[in-house]
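Now for the letters of each chain:
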Amino acid sequence: MNLYATLILALALSMDAFAAAIGKGAALHRPHFREALRTGLIFGVVEACTPLIGWSIGLYASQYIMEWDHWIAFTLLFILGYRMVTDSFKASPEKKCEPPCRHNSMVLITTAIATSLDAMAIGVGLAFLQVNIIHTAMAIGIMTMIMATLGMLIGRYIGPLLGKRAELIGGLILIAIGFNILFEHLELFMYSK
């Protein structure tokens, strides 16, 4: 795989993380660059590890991974998104609650895993090609780190405009990403028959 193909693959795989990071950034109270970079690093590391895991699984379990990865990603994203949506309705209008300044690390890691399961499936596919998986995984991780950091920074400016609705919209974005993953898989399944 040449450099351009690797970069296009990395950019495509980072789009889910970018959209999720916008929602995460919008749900925070004016997140600092440090928080955006922390989020980008978490998403990038997870996104770089998943193709390596997929690569190592390779032939042995490729059918199993490809049959279930979309359901796992959908479930995780739906649960996280649903939680954000319900949390957006919990605060009473009398209380002027400030949104948090940073996200819990486990929430970020879970979101990163949910948005990177497609990279694991790609890693399984790359096991059958002659590619340098380390370079490919690093490119995917770096691109995801950049896109998730940018997403958080964009969310920083969107959040104050949306107020409490930012958490609602962020949750709906995660749910939409989950449904998109599910529909893409079902569409591929229908065309393969």
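A brief look at the structure comes next. In this text, all values refer to a predicted model and were calculated from it rather than measured experimentally.

Rules used throughout
- Residues numbered from 1 in each chain as written.
- Predicted model: local features only at pLDDT ≥ 70, side-chain atom pairs only at ≥ 80, totals over all residues.
- Heavy atoms only, no water.
- Helix = DSSP H or I, 4+ residues; strand = E, 2+ residues; numbered from the N terminus.
- Buried < 20%, exposed > 50% of the residue type's maximum accessible area, 1.4 Å probe, protein only.
- Contact = heavy atoms within 4.5 Å.
- Core = buried A, V, L, I, M, F, W, Y, C linked by side-chain atoms within 4.5 Å.
- Salt bridge = Lys/Arg side-chain N within 4 Å of Asp/Glu carboxyl O.
- Phe/Tyr/Trp six-rings, centres within 6.5 Å; stacked < 30°, edge-to-face > 60°.
- Polar contact = N/O pair within 3.5 Å; in protein donor to acceptor, adjacent residues only side chain to side chain.

On to the overall build of the chain. Helix and strand counts for the chain come out as 5 helices and 0 strands. In the chain, the succession of helices and strands from N to C terminus is α-α-α-α-α. By residue count, 45% of the 193 residues in the chain fall in the buried class. Intrachain contacts of the chain at a sequence separation of at least 6 include 96% that bridge at least 24 residues.

Okay, the nonpolar core next. One finds F43, L77 and L174 to be the most contacted residues of the largest nonpolar core, which totals 24 residues. Mapped onto this core, the elements with two or more residues apiece are helix 1 (3-27), helix 2 (33-90), helix 3 (105-126), helix 4 (133-162) and helix 5 (165-192). A total of 8 residues in this core trace back to one element, the largest contributor, which is helix 2. When residues no more than four places from it in sequence are discounted, the contact partners of L77 are A114, T115, L174, I175, I177, G178 and I181. Core analysis: the next-biggest nonpolar cluster, separate from the first, contains 12 residues, L13, I22, A119 and L126 among them.

To continue, consider the pattern of salt bridges. Scanning all chains against the criterion turns up 1 salt bridge. A salt bridge links R38 to E35, with the nearest nitrogen and oxygen atoms 2.7 Å apart. Residue R38 and its partner E35 are both found in helix 2; the two are separated by 3 residues, about one turn of the helix.

So, on to the packing of aromatic side chains. In total, this model carries 3 aromatic pairs according to the counting rule given. For the ring pair F78 and Y82, a centre distance of 6.3 Å and an interplane angle of 10° mean the geometry is stacked. Here F78 pairs with Y82, and both are found in helix 2, just 4 residues apart, close to one helical turn. Relative to F183, the ring of F179 has its centre 5.9 Å away and its plane inclined at 25°; by these criteria the two rings are stacked. One end of the pair, F179, and the other, F183, are both in helix 5, 4 residues apart, so they sit about a helical turn from each other. Since its relative accessible area comes to 31%, F179 is described here as partly exposed.

Let's shift gears to the side chain of S116. Looking at the secondary structure, you find S116 in helix 3. Relative accessible area serves as the criterion here: at 0%, S116 is assigned to the buried category. Within the structure, S116 has its side chain in polar contact with the backbone oxygen of A112 (distance 2.9 Å). Ignoring anything within four residues of it in the chain, the contact list for S116 reads V46, E47 and T50.

Note that all results are geometric; they support no functional claim without further evidence.
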